[in-house]
Amino acid sequence: QVQLVESGGGSVQAGGSLRLSCAASGRPISRYAMAWFRQAPGKDREFVATISSSARTINHAESVKGRFTISRDNAANTMHLQMNSLKPEDTAVYYCAADRYRMSSTIYPTYYDVWGQGTQVTVSS
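Residues numbered from 1 in each chain as written. Predicted model: local features only at pLDDT ≥ 70, side-chain atom pairs only at ≥ 80, totals over all residues. Heavy atoms only, no water.

K.L.:
What am I meant to see in the sheet that holds strand S1 (residues 3-7) here?
P.N.:
Either a parallel or an antiparallel arrangement is found when strands of a sheet pair, and the pairing is made through backbone hydrogen bonds. The antiparallel open sheet is built from 4 strands, whose spatial order is S1-S3-S8-S7. Both edges of this open sheet fall to S1 and strand S7 (68-73), since each of them pairs with a single strand only. For this sheet the average axis-to-axis angle between neighbouring strands, irrespective of direction, equals 15 degrees. Sheet topology places S7 next to strand S8 (residues 78-83); 6 bridges connect them, and they run antiparallel. The residue of S8 that forms the bridge with Ser-71 is His-80. (Pairing = 2+ DSSP bridges. Helix = DSSP H or I, 4+ residues; strand = E, 2+ residues; numbered from the N terminus. Axes fitted to C-alpha atoms, helices over the stretch in contact; angles between N-to-C directions.)

K.L.:
What's the story with the environment of Gly-10 in this structure? I'm lost.
P.N.:
Considering the arrangement of structural elements, one finds Gly-10 in strand S2 (residues 10-13). With a relative accessible area of 22%, Gly-10 lands in the partly exposed category. Placed 15 residues apart in sequence, Gly-10 and Ser-25 show a C-alpha to C-alpha distance of 23 Å. Residues in contact with Gly-10, not counting those within four places in the same chain, are Leu-18, Gln-120, Val-121 and Thr-122. (Buried < 20%, exposed > 50% of the residue type's maximum accessible area, 1.4 Å probe, protein only. Contact = heavy atoms within 4.5 Å.)

K.L.:
What am I meant to see in the side chain of Thr-106 here?
P.N.:
Relative to the elements of secondary structure, Thr-106 occurs in the loop between strand S9 (92-99) and strand S10 (114-115). Looking at Thr-106, its side chain comes within polar contact range of the main-chain nitrogen of Tyr-108, at 3.3 Å. Not counting residues up to four positions away in its chain, the partners in contact with Thr-106 are Thr-50, Tyr-111 and Tyr-112. (Polar contact = N/O pair within 3.5 Å; in protein donor to acceptor, adjacent residues only side chain to side chain.)

K.L.:
So what exactly am I meant to see when it comes to the side chain of Arg-67 here?
P.N.:
Note on placement: Arg-67 falls in the loop between strand S6 (58-60) and S7. On the basis of relative accessible area, Arg-67 is assigned to the buried category, the value being 10%. From its side chain, Arg-67 meets the backbone oxygen of Ser-63 in a polar contact 2.8 Å long. Beyond its immediate chain neighbours, meaning those up to four positions away, Arg-67 contacts Gln-82, Met-83, Asn-84, Ser-85, Leu-86, Lys-87 and Asp-90.

Right under this line is the structure:
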């Protein structure tokens, strides 16, 4: 059974940067599509970025395009989200997720069956 643990969250001022990491254990993630989602208080969980198993297909939400970059290192069993030019509206709990049944990624959270516990990102103005 694969387990995911996020790290790297914290509090930053607007314009700052953070790098989130998702460490997988239990099974290799090399054949899994992966994604980052986020959920702000009172809002639904929304997709931030997705990456296929081979990293050939990457998708970023319009709201983060040009500021965030998803990547993965299958050899290290990890995934990352580099977040630059952070805005207060990026404040949320960020979750990494794995879809064990598909190598191509999707933006819909219902397809992902393994989730981390989340890491808080707070951006102040």
